[in-house]
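# Summary of the model geometry
One letter stands for each residue in the lines below.
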Amino acid sequence: QVHLVESGGGFVQAGGSLMLSCAASGRTSAINDMGWYRQAPGNQRELVAVVTSSGNTNCIDSVKGRFTVSRDNGNAGVYLQMNSLEPEDTAVYYCYANIVPAFSRRLQEYWGQGTQVTVSS
């Protein structure tokens, strides 16, 4: 079984920083894209940032210059460094990864359990 386990998140004042971490457990054959989504109350889940297996990154305009996504292929981890946080960043953040498990040849999408980020004004 493959699982994504998140850590980080919490409560911070506007202008502060947080770092989210996510690691894949279980045996995998390959890990393709990894990244982060978020969902604020009453809103749809939106893609925040993605990092490919080759290390290319992209993120939505509203977080450019403030958030940095990275990965550690050795630890099967993906990270989101969030600086200059704004109240609008308040949401539940979910990591995801497209993984080929060791027991299967099929690429499958996995999700973390979600972690709350709350930014006060």
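The paragraphs below set out a description of the structure included in this document. (Residues numbered from 1 in each chain as written. Predicted model: local features only at pLDDT ≥ 70, side-chain atom pairs only at ≥ 80, totals over all residues. Heavy atoms only, no water.)

### Looking at the side chain of Asn-98
On the secondary structure map, Asn-98 appears in strand β9 (residues 91–101). Asn-98 sits in the buried class, given a relative accessible area of 18%. When residues no more than four places from it in sequence are discounted, the contact partners of Asn-98 are Ala-30, Ile-31, Asn-32, Asp-33, Leu-107, Gln-108 and Glu-109. (Helix = DSSP H or I, 4+ residues; strand = E, 2+ residues; numbered from the N terminus. Buried < 20%, exposed > 50% of the residue type's maximum accessible area, 1.4 Å probe, protein only. Contact = heavy atoms within 4.5 Å.)

### Side note on the sheet that holds strand β8 (residues 77–82)
Here 4 strands make up an open sheet; going across it, the order is β1-β3-β8-β7 and the pairing antiparallel. Where the open sheet ends on each side, the last strands, each with one partner, are β1 (3–7) and β7 (67–72). Going across the sheet, the axis of each strand differs from the next one's by a mean of 15°, ignoring polarity. Across 5 bridges, β1 lies against strand β3 (residues 18–25) in antiparallel orientation. Each residue of the ladder has a partner; that of His-3, found in β3, is Ser-25. (Pairing = 2+ DSSP bridges. Axes fitted to C-alpha atoms, helices over the stretch in contact; angles between N-to-C directions.)

### Topic: unusual backbone geometry
Positive phi is not limited to glycine here, since Ala-76 has a value of about 55°. Within the secondary structure layout, Ala-76 lies in the loop between β7 and β8. Positive phi, normally seen in glycine, also occurs at Ser-84, with a value near 50°. Position of Ser-84 relative to the elements: it lies in the loop between β8 and β9.

### Digging into the pattern of salt bridges
Tallying each qualifying case throughout the model produces 5 salt bridges. In this structure, Lys-64 and Asp-61 form a salt bridge, with 3.3 Å as the shortest nitrogen-oxygen distance. According to the relative accessible area criterion, Lys-64 is partly exposed, its value standing at 45%. By relative accessible area, which is 63% here, Asp-61 ends up exposed. The partner of Arg-66 in a salt bridge is Asp-89, with the nearest N and O atoms 2.7 Å apart. On the criterion of sequence distance, the pair formed by Arg-66 in the loop between β6 (57–59) and β7 and Asp-89 in the loop between β8 and β9 is long-range, its members being 23 residues apart. A residue is classified by how much of its surface remains accessible, and Arg-66, at 10% relative accessible area, is buried. Bridged by salt links that share partners, the residues Arg-38, Glu-46, Arg-66, Glu-86 and Asp-89 form one connected network. (Salt bridge = Lys/Arg side-chain N within 4 Å of Asp/Glu carboxyl O.)

### Some words on the nonpolar core
Ranked by size, the top nonpolar core spans 29 residues in total, and within it Trp-36, Leu-80, Met-82 and Tyr-93 carry the most contacts. Elements with a minimum of two residues in this core: β3, β4 (28–39), β5 (46–51), β7, β8, β9 and β11 (115–120). The element best represented in this core is β9, accounting for 5 residues. (Core = buried A, V, L, I, M, F, W, Y, C linked by side-chain atoms within 4.5 Å.)

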